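Descriptive analysis of the structure
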Amino acid sequence: QVQVVESGGGSVQAGESLALSCVISELRWDYKVMGWFRQAPGKAREGVSCIGWRSKTRYYEPFVKGRFNISRDNAKKTLYLQMNNLEPEDTAKYYCGVVEKCLPSFQPTADFTAWGQGTQVTVSS
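Rules behind the numbers
- Residues numbered from 1 in each chain as written.
- Predicted model: local features only at pLDDT ≥ 70, side-chain atom pairs only at ≥ 80, totals over all residues.
- Heavy atoms only, no water.
- Salt bridge = Lys/Arg side-chain N within 4 Å of Asp/Glu carboxyl O.
- Helix = DSSP H or I, 4+ residues; strand = E, 2+ residues; numbered from the N terminus.
- Buried < 20%, exposed > 50% of the residue type's maximum accessible area, 1.4 Å probe, protein only.
- Polar contact = N/O pair within 3.5 Å; in protein donor to acceptor, adjacent residues only side chain to side chain.
- Contact = heavy atoms within 4.5 Å.
- Phe/Tyr/Trp six-rings, centres within 6.5 Å; stacked < 30°, edge-to-face > 60°.
- Lys NZ or Arg CZ within 6 Å of the ring centre and 35° of its normal.
- Core = buried A, V, L, I, M, F, W, Y, C linked by side-chain atoms within 4.5 Å.

Where side chains of opposite charge bring their charged atoms close, a pairing between them can arise. Applying the stated criterion to the full structure yields 5 salt bridges. In this structure, Lys65 engages Glu87 in a salt bridge whose closest nitrogen and oxygen atoms are separated by 3.3 Å. You can see Lys65 sitting in the loop between strand S6 (58-60) and strand S7 (68-73) and its partner Glu87 sitting in the loop between strand S8 (78-83) and strand S9 (92-99), a full 22 residues away along the chain. Across the salt bridge formed by Arg67 and Glu87, the nearest N and O atoms sit 4.0 Å from each other. Here Glu87 lies in the loop between S8 and S9 and Arg67 lies in the loop between S6 and S7, a separation of 20 residues in the sequence. Assessed through its relative accessible area of 6%, Arg67 is described here as buried. Classification of Glu87 by relative accessible area gives partly exposed; the value is 22%. Because the salt bridges share partners, they merge into one network encompassing Arg38, Glu46, Lys65, Arg67, Glu87 and Asp90.

Next up, the structure:
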């Protein structure tokens with residue numbers, strides 16, 4: 001059974017940094033495109049960033065504005081998101097998942113249902 005565990009969130013001041021991690025166990029990791037999503041209260045889930053299997057393809061939604069860096073360790077089945085210069089608008093719960101294609105407005109695959117509990121990021125001004 002696929003298990004997803006996100007970690008690394010916290011409460012910070014604007015301008016500070018956080019490093020998120022996501023471990024997905026029991027998933028056939030090979031060739032999977034992975035991504036980070038977030039959901040703020042009262043809002044729909046949105047994509048943040050995605051990365052291809054060999055890390056050659058990386059995409060960031062425009063609101064990231066060069067502040068985040070996505071990476072992955074395939075041997076450890078772990079996905080990372082380094083978030084710098086955080087803004088109050090980044091406040092949300094962050095999730096990781098398998099992505100259909102790493103393109104603008106990317107979406108999770110239709111058969112990915114193993115969403116984890118997420119990790120809360122709270123940024124105060």
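The next thing to look at is the side chain of Thr109. Examined against the element boundaries, Thr109 turns out to sit in the loop between S9 and strand S10 (119-124). Residue Thr109 is classed as buried on the basis of its relative accessible area, which comes to 13%. At 3.0 Å, the side chain of Thr109 forms a polar contact with the side chain of Asp111. Excluding its chain neighbours within four sequence positions, the residues that come into contact with Thr109 are Val98, Val99 and Glu100.

On to the packing of aromatic side chains, then. Tallying each qualifying case throughout the model produces 6 aromatic pairs. A centroid spacing of 5.0 Å and a plane angle of 85° characterise the contact between Phe112 and Trp115, whose relative ring orientation is edge-to-face. Relative accessible area serves as the criterion here: at 8%, Phe112 is assigned to the buried category. What makes Trp115 partly exposed here is its relative accessible area of 25%. Through successive ring pairs, a cluster of aromatic residues spans Phe37, Tyr59, Tyr95, Phe106, Phe112 and Trp115. Over the ring of Phe37 we find Arg45; its NZ or CZ atom is 5.9 Å from the centre of that ring.

What follows is about the environment of Met83. Inspection of the secondary structure puts Met83 in strand S8. The class of Met83 is buried, set by a relative accessible area of 0%. Beyond its immediate stretch of four places on either side in the chain, Met83 contacts Glu16, Ser17, Leu18, Leu20, Arg67, Phe68, Tyr94 and Val121.

A few words on the nonpolar core. Core analysis: the biggest nonpolar cluster contains 28 residues, and Ile24, Trp36, Leu79, Leu81, Met83 and Tyr94 have the highest contact counts within it. Only strand S3 (18-25), strand S4 (33-39), strand S5 (46-51), S7, S8, S9 and S10 provide two or more residues apiece to this core. In this view, Tyr94 contacts Glu6, Leu20, Trp36, Phe37, Arg38, Val48, Leu81, Met83, Gly118, Thr119 and Val121; residues no more than four positions away in its chain are not counted. Listed in part, the 7 residues of the second largest apolar core include Tyr59, Val99, Cys102 and Phe106.

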